[in-house]
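What follows is each chain in one-letter form.
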Amino acid sequence: MIIQNNPIISVKNLTKEFSSGVCALNNISFNVNKGEFLVVIGLSGSGKSTLMRCLNRLYDPTAGEIYFHNEEISKLKGRAIRVLRQRMAMIFQHFNLISRHTVLSNVLMGCLARTSTIKSIMDFFSNDDKELARSYLKLVGIEDKALERAGQLSGGQQQRVAIARALMQKPEVLLADEPVASLDPATCHVVLDYLEKINRELGLTIICNLHFLSLVRRYATRVIALKSGEIVYEGDPQAINEEWFKKIYGETAREIYVK
Amino acid sequence: MSNSEDKHIRHYKGFFLDSMTFGYLILVTIWYTILSAESANEEALLNLKQILAAIVIPIIFGGILTYLLHKNNVTTLGLHIFEPKYIKLQKPPTSWHKTFWGWQLLITFLITFIIGLHVTEFSFYELTDESGFHGAKRIFSALLSPEHAILPKGIISIIETIYIAFMATIVAIPFAFVFSFFSAKNIMGNSPLTLAIYFLLRTLMNITRSIEPLIWAIIFSVWVGIGPFAGMLALLLHSIASLTKQYSEIIESAEDGPIEGILATGANSAQVVWYAIVPQVLLPYIAFTVYRWDINVRMATIIGLVGGGGIGTLLIQYQGQAMWNEVGTLALLIILVVWTMDTFSAYIREALK
């Protein structure tokens, strides 16, 4: 059962304003419990991606606090940020692999944080790490592609490589920034099924940005809806009805179903 | 940097640009009127104090004019250019001839062109003058009847030229490779310290690059003596500066996605550079380097003219003795090599795309 009083991540009054004057997040607070599959929904520009990048400190929050295992992380610097990022892996809409490198090499990049600079620049990864990388490739079902160039793979396959790279970090949390937004509907389920698998079998806490409500209802254990940088809904994904949908996406929006 | 601060700096940049253009227009108009009115009196302008006054006063007037225009909300060229994008995008597009800045640009350009005709002593009469025409014809016919006896000597010198260019390029690569990362804004723009290094290196490279290799060759021919080594050093310095700039621009245009991807794994800066940036920039680096070698071959011939060794040195000797047949042979040799290098490097760059 979820332990409500001991969240893995706790966000308090988080605000992010960009130098251009855009306020992407406005005083939002929420908790993430261990083992959750938390889905964040909202229109493009509602602050979903910014929220994620504040959590792993790719962005510096303007105000507010973020607690990870009760440790304040919003003001960390230098090495401490890198340690945080290693514990909080991330996958992206456009996969962000190094397309000229092999699949295996891309997965090995997941252990850069625990490899010395000299060793990593000499491409010297330990046999244990190589073994581990292959086992994660096996987990996401593309072990046979290990020595192909990452750029040659299809979108769905590239996202699975990205998942393997993320797992290679041995993280506690996986941030997924619109992981299926540039994939076709059939591939969506393959990728999300893998995310569900690692959520259940490896016990990783997942925070995932999604667009399609049908996918949210199928995969999320809890949902947060953002609108113009503020939380407008938080709770059970099954409880989002027509009324809530209009509130989140606007009066004229209509739901699209992905089977 | 906050939004309003940025807006202010942009406003000052605009003010500076406008003051300069207006000041320039006032200056050249007065200057042109004086020159055409009493062309014999050029010496009056050679007094340093007067020159300074003649430059400073128009700029002050330009500044006053700019101030008045800005106060009356006229969108001058400076304001238009340095207007922040988010404000510019809110305005409906207007045709240039209905704007102040459009006319300001056109008038500045036209006046510069008219003055330019005067300064360069542009004259169709000189170009089509008969006796001048005959002189040109004599040289051209001599150039087109090459003297074969000089060919072996010429070939040896042009090989020297190619090697000068090659060495300058090869030795420049490691320096430029390292410097380029320190002079790319997307890598160095994060902390005040790295930004300071960025500005320092960038300025140093800009200064080095703005001094022509010809001048470097003169300096080095005094330093290490006339010959190919001086030429090589001159080209080397210029190549380092140029390649650093070109390489760093490639880094700045690298895709952000892979960089973000590697950053998110908890990698440090060196690892991000090695894994996310280097694979993206390697091919364009090679293309630019081959092109640099090609440019260096062309420059090496010119550098020879001031004592940088190679075929240029040979060419200037024969030109000094007005031995046009020999000069013609050497010129043909240069054309052949430059054309070959040009084609060769174009093929390689095409293949690398």
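Since this is a predicted model, take the numbers as computed values, not measurements.

(A) Spatial organisation of the overall build of chain A. Secondary structure assignment for chain A yields 9 helices and 10 strands. Compactness check: chain A gives a C-alpha radius of gyration of 18 Å against a globular reference of 18 Å for 259 residues, within 12% of the reference. Its C-alpha atoms put chain A at 55 × 40 × 40 Å along the principal axes. A total of 259 residues make up chain A; the buried ones form 53% of that total. Excluding contacts between residues fewer than 6 apart, the proportion of contacts in chain A whose partners are at least 24 apart in sequence is 69%. When the accessible surface of chain A is totalled, it reaches about 11,800 Å², and 50% of it is carbon and sulfur. Computing the positive centroid from 33 side-chain charges and the negative centroid from 27, chain A places the two 4 Å apart.

(B) Here's a closer look at the overall build of chain B. Each helix and strand counted, chain B has 16 helices and 0 strands in total. For a compact globule of 353 residues, the expected C-alpha radius of gyration is about 20 Å, and chain B comes in at 26 Å, more than 25% above that figure. In terms of its C-alpha atoms, chain B occupies a principal-axis envelope of roughly 75 × 70 × 40 Å. The buried share of chain B, reckoned over its 353 residues, is 37%. Of the contacts formed within chain B by residues at least 6 apart in sequence, a portion of 76% connects residues at least 24 apart. With the model as given, the accessible surface of chain B reaches about 20,800 Å², and the carbon-plus-sulfur share is 72%. Within chain B, one finds 20 positive and 23 negative side-chain charges whose respective centroids are separated by 9 Å.

(C) Structural detail: the interface of chain B and chain A. Residue-level contacts link 21 residues of chain B with 30 residues of chain A. The junction of chain B with chain A conceals about 2,100 Å² of combined surface from both sides, 58% of it contributed by carbon and sulfur atoms. Here chain B and chain A share 1 salt bridge between them. Residues Arg53 of chain A and Glu260 of chain B are paired through a salt bridge, measuring 2.5 Å at the closest nitrogen-oxygen approach. On the surface where chain B and chain A come into contact, there are 8 residue pairs in polar contact (both at pLDDT 80 or more).

(D) Just the environment of Glu130 of chain B, in detail. All names here are of chain B. Along the chain, the position of Glu130 falls in helix α7 (residues 130-143). Take Glu130: its relative accessible area is 59%, and that puts it in the exposed class. The sequence separation of Glu130 and Gln271 amounts to 141 residues, and the corresponding C-alpha distance is 69 Å.

(E) Representation of the packing of aromatic side chains within the structure. Evaluation of the coordinates by the stated rule reveals 13 aromatic pairs over all chains. With a centroid separation of 5.8 Å and an interplanar angle of 85°, the aromatic rings of Phe177 of chain B and Tyr285 of chain B are classed as edge-to-face. Within this pair, whereas Phe177 of chain B is found in helix α8 (residues 151-182), its partner Tyr285 of chain B is found in helix α14 (residues 269-303), the two being separated by 108 residues in sequence. Residue classification places Tyr285 of chain B among the buried positions, given a relative accessible area of 4%. Relative to Trp223 of chain B, the ring of Phe220 of chain B has its centre 5.3 Å away and its plane inclined at 15°; by these criteria the two rings are stacked. Here the residue Phe220 of chain B and the residue Trp223 of chain B both occupy positions in helix α11 (residues 213-223), the gap between them amounting to 3 residues, near one helical turn. Since its relative accessible area comes to 7%, Phe220 of chain B is described here as buried. Aromatic rings pair up to connect Phe177, Phe181, Tyr247 and Tyr285 of chain B into one cluster. The positively charged end of Arg218 of chain A is found above the aromatic ring belonging to Tyr219 of chain A, 4.2 Å away from the centroid.

(F) Examining the packing of α11 of chain B against α14 of chain B more closely. All names here are of chain B. Two elements in contact, α11 and α14, have axes whose closest approach is 10 Å; the angle formed by their N-to-C orientations is 50°. Classed by the angle they form, the pair α11 and α14 counts as oblique. In this structure, α11 meets α14 at a crossing whose hand is right-handed. Here Pro213, Leu214 and Ala217 of α11 come into contact with α14, specifically with Met299, Ile302 and Ile303. Residue composition of the contact of α11 with α14, by class: 6 nonpolar, no polar and no charged.

Rules and cut-offs
Residues numbered from 1 in each chain as written. Chains lettered and ligands numbered in written order. Predicted model: local features only at pLDDT ≥ 70, side-chain atom pairs only at ≥ 80, totals over all residues. Heavy atoms only, no water. Helix = DSSP H or I, 4+ residues; strand = E, 2+ residues; numbered from the N terminus. Rg over C-alpha atoms; globule rule 2.2 N^0.38 Å. Buried < 20%, exposed > 50% of the residue type's maximum accessible area, 1.4 Å probe, protein only. Contact = heavy atoms within 4.5 Å. Areas by Shrake-Rupley, 256 points an atom, 1.4 Å probe, with all protein chains shown as cover. Lys, Arg positive; Asp, Glu negative; His and termini not counted. Charge placed at Lys NZ, Arg CZ, Asp CG, Glu CD. Buried area = accessible area lost by both parts, 1.4 Å probe. Salt bridge = Lys/Arg side-chain N within 4 Å of Asp/Glu carboxyl O. Polar contact = N/O pair within 3.5 Å; in protein donor to acceptor, adjacent residues only side chain to side chain. Phe/Tyr/Trp six-rings, centres within 6.5 Å; stacked < 30°, edge-to-face > 60°. Lys NZ or Arg CZ within 6 Å of the ring centre and 35° of its normal. Axes fitted to C-alpha atoms, helices over the stretch in contact; angles between N-to-C directions. Parallel < 35°, antiparallel > 145°, perpendicular 65-115°, else oblique. Left-handed = near helix turned anticlockwise from the far one by under 90°. Nonpolar A, V, L, I, M, F, W, Y, C, P; charged D, E, K, R; others polar.

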